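The residues making up each chain are set out below.
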Amino acid sequence: QGLWGSSDSGEAMTYTGWYAPAMNTHRSPFDNRYTEYYSEDGLLAGIMAAEASLGANSKGAYVFIKHFALHDDGGGTAISFVDGNMSVAGYRGAMNTSKTSGLSVWADEQTVREVYLKPFQLAVEKGEARAAMSAFNRFGSTWAGGSYELLTEVLRNEWGFKGFVVTDIAIYGFLDGDQMIRAGGDLVLQSSMGDSTKCGKVGGNDYTAQYNATQVTAMRKAAKNILYTVANSNAMQTPKGAKVNYEAKEAGAAKVGEAYTLDVTGAVLNTKSDYSAVVYSVVSGKLPAGLTLTDGVITGTPAEAGRYTFKVEASADGYESATAEFTVVVSADGKGGKDGGCGGEVAAASMSAALIALIGAGAVTLAGRKKRA
């Protein structure tokens, strides 16, 4: 994800979360994901991550420091042949045979703290990172995304992390949502959770059972952590490049003394979500006497004949506004023209009456010359 951008449909969007930086340290040249990682010494990687986090924060975004922690897939992809058929397992491979699935990583505490955890620590303490992504691997014998010692005791209690922790994509059966939320994780990265990733897992696959107090408390904390991070991001702001798209409609004919209605709404915001309501107002020209604009609808009873051209502005807080021009022709006899017409019937009738009066008075002849006395 990026900081700002547009959707495929052309709608302006704000990208709030950034699945980076990745700061694990290489232990094998065969890990499929090592191209993502800084893999510098703990101090240098931590400084880089902290600066990346501060930069994202300055734009209202938040980084997901990943993969927390000691991520390793043990060599990436495993290829085997059974009865002449090739089987491939590895990153995003078969659930139970992938080397990423449940790989246990072992290291002494000094090494873990000085090398592998140091970048994450600096990203939190110096870079004010507010989101993290847990790793697939097991931290010792415990899945990293379900380790209370890692997610709560170290990340939150020791380093003062304030934010939420999401799993890596939940494509493996051992990613247990109940274990995750009890450990201090907050969110499962999955569009549709399977049985093993549901946070309310109680008594096997019976999800109709009542949640216990521990689960309810954990879910409340998770909701608070997620909302805290989002509330302190640009998700609460109008995206850059937001604007109102607005076009004029054809205005129907109006008649003096008869009720008239013209709906001038129809403006569309170019953002994925509507961050503000659209307000309509006349900014130039004037409405026919007797008509008013309220909540995007012009209503009333016209009092004077004529051709009226005016502009309506559609605006919304945080958006670039737009205007559209309308023309309403009001006739005295109900023969007003449509939008863009010139009210020819009214003008012709008035001109004919004037000529007849002049001819009757002897002022002009049909040829336009004065009569002799």
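Scroll up to find the structure this text is about.
Residues numbered from 1 in each chain as written. Predicted model: local features only at pLDDT ≥ 70, side-chain atom pairs only at ≥ 80, totals over all residues. Heavy atoms only, no water.

A. View of helix α1 (residues 42-58). With 17 residues, α1 should reach 24 Å at 1.5 Å per residue; the first-to-last C-alpha distance of 24 Å fits that figure. For α1, every residue scored as buried is listed here: G42, A45, G46, A49, A50, A52, S53, A56 and N57. An end-on view of α1 places all buried positions within 165 degrees of arc, on one side of the element. What points out from α1, more than 90 degrees from its buried face, is the exposed set L43, E51 and S58. Where the residues of α1 are buried, they touch β3 (17-18), β4 (62-68), α2 (109-116) and α3 (118-125). A side-chain oxygen of the first residue of α1 lies 3.1 Å from the backbone nitrogen of L43; this N-cap is D41. Downstream of α1 by a residue or two, G60 has a phi angle that is positive, lying close to 85 degrees. (Helix = DSSP H or I, 4+ residues; strand = E, 2+ residues; numbered from the N terminus. Expected span 1.5 Å × (residues − 1). Buried < 20%, exposed > 50% of the residue type's maximum accessible area, 1.4 Å probe, protein only. Arc of directions from axis to C-beta. Contact = heavy atoms within 4.5 Å. Polar contact = N/O pair within 3.5 Å; in protein donor to acceptor, adjacent residues only side chain to side chain.)

B. Up close: the sheet that holds strand β9 (residues 138-139). The mixed open sheet is built from three strands, whose spatial order is β7-β9-β10. Each having just a single partner strand, β7 (104-105) and β10 (142-143) make up the two edges of the open sheet. (Pairing = 2+ DSSP bridges.)

C. Spatial organisation of the pattern of salt bridges. Taken as a whole and assessed by the stated rule, the structure comprises six salt bridges. A salt bridge links E36 to K66, with the nearest nitrogen and oxygen atoms 3.5 Å apart. On the criterion of sequence distance, the pair formed by E36 in the loop between β3 and α1 and K66 in strand β4 is long-range, its members being 30 residues apart. Given a relative accessible area of 33%, E36 falls into the partly exposed group. E258 is the partner of K255 in a salt bridge, and the nearest nitrogen-oxygen pair spans 3.4 Å. Owing to a relative accessible area of 42%, E258 belongs among the partly exposed residues under this scheme. Bridged by salt links that share partners, the residues E109, R113 and E158 form one connected network. (Salt bridge = Lys/Arg side-chain N within 4 Å of Asp/Glu carboxyl O.)

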